[in-house]
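# Examining the three-dimensional arrangement
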Amino acid sequence: MRPRRRGIASVNAEVRDGIVPAAGSLARTDDLGPPQSSANYRLVALIIASALFMEFVDATVLATALPTMARDFGVRPQEMSVALTSYLLALAIFIPASGVLADRFGSRTVFRTAILLFMLGSLACGQSPTLETIVVSRFVQGIGGAMMIPVGRLVLLRSVAKRDMVNAMSWLLVPALIGPIVGPPLGGFIVTYLDWRWIFYINLPVGALGFWLVGRFIANIREDEPPRFDTLGFILSGVSLGCLLFGFEMVSRPGEGAMASTLVAIGMVAGVFYIRHARGRVGAILDLGLLKDETFRLAVIAGSITRITQGAQPFLLPLMMQVGLGLSAARSGTITVATAIGSLAMKSMAQRVLRRFGFRRALIWNGVIATAGYAICGLFSASWPVWAMFCVLAFSGFFMSFQFTAYNTIAYAGVDKQHMSSATAFYSTFQQLMLSLGICVAAVALHLAMVTNGNTAPTMGDFSAAFWVVTAISLTATVWNLRFAPDAGAEISGHAEAEADEGERSAA
């Protein structure tokens, strides 16, 4: 058997360090012996995905209930937006710290604590008698959510053999794609037929099951000598990211432009101070040294640009369907669910496509196709049949899901085990930041289109312009995808072995 270069999620490194999950054997690479037919890595991925699904649904289902909650609390509906932004603020502050905490206390401990905090926050939200208490409760929820995303990805990266990584990431990506689609109709059902407090109570049984499954099937991976906690970096990054996320989110609200600009400016200044603090520093809360790895740097940059469209899509599509086309919320939901169906269809094909074409070629061409699919949404009109719009959205969801599966996998191809937790925190931070920026770009583009066309309410032409602006920005990710090395991630995708096997067949 050929020797293979070891790197992230390497099984023999995990066996040596005694961190293989207790729930049976993993699928093993060739240099450890014959491959074993085991579904364990899928189980680990599904456990993590279930916790993330709870978080993603909760983040979107709340928006539907805000008017009802405002009536119960005796406040104006627009004042309820602070319940959303307090959650975002917690994400911005605590995501960078998640990797350090996982190194110090163990990924299983931190992941279970995150689920527990999310459950406690959900219970407190359901019991909240006033707006002020629900804002605090949402912040507690956000602390749990901030740790679930990067630590969950870290657990998966350290629990799966390289050759199974793409397939595992496909499972992990599903909740991020379907959560925003399932959330609004679920929220509408609960508000209509139950009490809005059940939006939060439904998290409790799901969280309790996840808490038990994590303890049963996921190992408590930790570093022997974790770095000291970067307190000043934590403060600076928290101020910077909190202000940027808060500012980007406020841009989409009418009359909040001045406050949004101030917050973005403060965030940028704090970010500059953080860069000066973190440059060359060992154990920085967000390790800028990770960007020296070309593959990680390109995945962060190209993935961030592509997420402009992914962040804008849940904001623009429902508005276009309901305001532009005059469809009901229920009718709109039956159409936009197509993106989730497309993403699910992709899950079984990612590994084969990457093995055949490799990461570089797949990211280049698939990125163009996925972005073009969402650009077609700008052509929607009342004359389009529902089935045609459904097909376009399913097509777009399929290819965009593949794109993020590839980015989320190749990003860690050159990161060693020692820096894995820092890499997941860094990557997750930018992921959240760019999704929020996508909403900001879409809102600004829609507003400018309305001003240019002299409209007081958005029309289909305004929505078309907004779609084309965000997709044009995401299309520039192609420039960065072209910079990936031809053999980038070849060991993960299996492309190198596929080419070697093809060469042997040709020689024979």
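None of these values were measured; they are calculated from a predicted model.

## Re the overall build of the protein
Helix and strand counts for the protein come out as 20 helices and zero strands. A buried classification covers 55% of the 508 residues belonging to the protein. At a minimum sequence separation of 6, the contacts of the protein that also span at least 24 residues come to 83%. Put simply, the protein shows about 20,900 Å² of open surface, and 66% of that area lies on carbon and sulfur atoms.

## Brief notes about the environment of A284
Relative to the helices and strands, A284 resides in the loop between α10 (257-278) and α11 (294-324). Taking C-alpha positions, A284 is 8.8 Å from S422, a pair spaced 138 residues apart along the chain.

## A short note on the packing of aromatic side chains
Each aromatic ring pair is described using two quantities: the centre-to-centre distance and the angle formed by the ring planes. Scanning the entire structure with this criterion turns up twelve aromatic pairs. For the ring pair F94 and F139, a centre distance of 6.3 Å and an interplane angle of 75° mean the geometry is edge-to-face. Of this pair, F94 sits in helix α3 (residues 81-105) while F139 sits in helix α5 (residues 131-157), placing them 45 residues apart in sequence. What makes F139 partly exposed here is its relative accessible area of 26%. Ring geometry for F395 and F399: centres 4.7 Å apart, planes at 55°, overall tilted. Taken together, the residues F395 and F399, both in helix α15 (residues 386-410) and four residues apart, mark about one turn of the helix. The class for F395 is partly exposed, based on a relative accessible area of 37%.

## Notes on the packing of helix α4 (residues 107-127) against helix α8 (residues 203-217)
Remark: α4 packs on α8, axes separated minimally by 9 Å, with the N-to-C direction vectors making an angle of 170°. In this view, α4 runs roughly antiparallel relative to α8, as classed from their interaxial angle. As α4 packs across α8, the resulting crossing turns out to be left-handed. Taken together, the residues of α8 that come into contact with α4 (itself represented by R108, F111, R112, I115, L116, F118, M119, S122 and L123) are N203, L204, G207, A208, G210, F211, V214 and G215. Across the contact of α4 with α8, the residue classes tally to ten nonpolar, five polar and two charged.

## Notes on the confidence of the model for the protein
The predicted coordinates of low-pLDDT regions are not to be read in fine detail. Taken residue by residue, the protein gives an average pLDDT of 76. The fraction at 70 or more is 79%. When pLDDT is averaged over each element of the protein, helix α18 (residues 477-481) comes out on top at 93 and helix α1 (residues 11-17) at the bottom at 25. Contacts of residues 1-39 to residues separated by more than four positions or lying in other chains number 72 contacts, the stretch itself having pLDDT below 50.

## Brief notes about helix α17 (residues 460-475)
An ideal rise of 1.5 Å per residue puts 22 Å on 16 residues; α17 measures up with 22 Å between its terminal C-alpha atoms. All of the buried residues along α17 are M460, D462, F463, S464, A466, F467, V470, T471 and S474.

## Comments concerning the side chain of D230
Note on placement: D230 falls in the loop between α8 and α9 (231-251). Given the relative accessible area of 3%, D230 is considered buried. At 3.1 Å, the side chain of D230 and the backbone nitrogen of G233 are in polar contact. One polar contact links D230 to H277, side chain to side chain, over a distance of 2.9 Å. Filtering out sequence-adjacent residues up to four positions away, D230 remains in contact with Y274, H277, R281, G283, A284 and I285.

## A word on the packing of α4 against α5
It is the contact of α4 with α5, at a shortest axis distance of 7 Å, that shows an interaxial angle of 155°. On the basis of their axis angle, the class for α4 and α5 is roughly antiparallel. Note that α4 runs across α5; the crossing there is left-handed. Looking at the contact of α4 with α5 residue by residue, the classes come out as 15 nonpolar, eight polar and one charged.

## Regarding the nonpolar core
Counting 115 residues, the largest nonpolar core has M148, F296 and F380 as the members making the most contacts within it. In contact with F296, other than residues within four places in its own chain, are L290, L291, A411, Y412, V415, A423, F426 and Y427. With 17 residues, the next largest nonpolar core counts M69, A83, V135 and F200 among its residues.

## Examining the environment of R279
By secondary structure assignment, the location of R279 is in the loop between α10 and α11. For R279, a relative accessible area of 63% corresponds to the exposed category. Sequence spacing of R279 and G289 is ten residues, and the spatial spacing of their C-alpha atoms is 7.6 Å.

## Side note on the pattern of salt bridges
Taken as a whole, this structure holds one salt bridge when the rule is applied. Across the salt bridge formed by D195 and R197, the nearest N and O atoms sit 3.9 Å from each other.

## A few points about the side chain of T405
As for its placement among the helices and strands, T405 is situated in helix α15. On the accessibility criterion, T405 (0% relative accessible area) is buried. In terms of polar contacts, T405 uses its side chain to reach the backbone carbonyl oxygen of S401, at 3.0 Å.

## Here's the deal with the environment of L286
Its location among the elements puts L286 in the loop between α10 and α11. Sequence-wise, L286 and V100 are 186 residues apart; in three dimensions their C-alpha atoms are separated by 9.6 Å.

Thresholds, definitions, all that
- Residues numbered from 1 in each chain as written.
- Predicted model: local features only at pLDDT ≥ 70, side-chain atom pairs only at ≥ 80, totals over all residues.
- Heavy atoms only, no water.
- Helix = DSSP H or I, 4+ residues; strand = E, 2+ residues; numbered from the N terminus.
- Buried < 20%, exposed > 50% of the residue type's maximum accessible area, 1.4 Å probe, protein only.
- Contact = heavy atoms within 4.5 Å.
- Areas by Shrake-Rupley, 256 points an atom, 1.4 Å probe, with all protein chains shown as cover.
- Phe/Tyr/Trp six-rings, centres within 6.5 Å; stacked < 30°, edge-to-face > 60°.
- Axes fitted to C-alpha atoms, helices over the stretch in contact; angles between N-to-C directions.
- Parallel < 35°, antiparallel > 145°, perpendicular 65-115°, else oblique.
- Left-handed = near helix turned anticlockwise from the far one by under 90°.
- Nonpolar A, V, L, I, M, F, W, Y, C, P; charged D, E, K, R; others polar.
- pLDDT = per-residue confidence, 0-100.
- Expected span 1.5 Å × (residues − 1).
- Polar contact = N/O pair within 3.5 Å; in protein donor to acceptor, adjacent residues only side chain to side chain.
- Core = buried A, V, L, I, M, F, W, Y, C linked by side-chain atoms within 4.5 Å.
- Salt bridge = Lys/Arg side-chain N within 4 Å of Asp/Glu carboxyl O.

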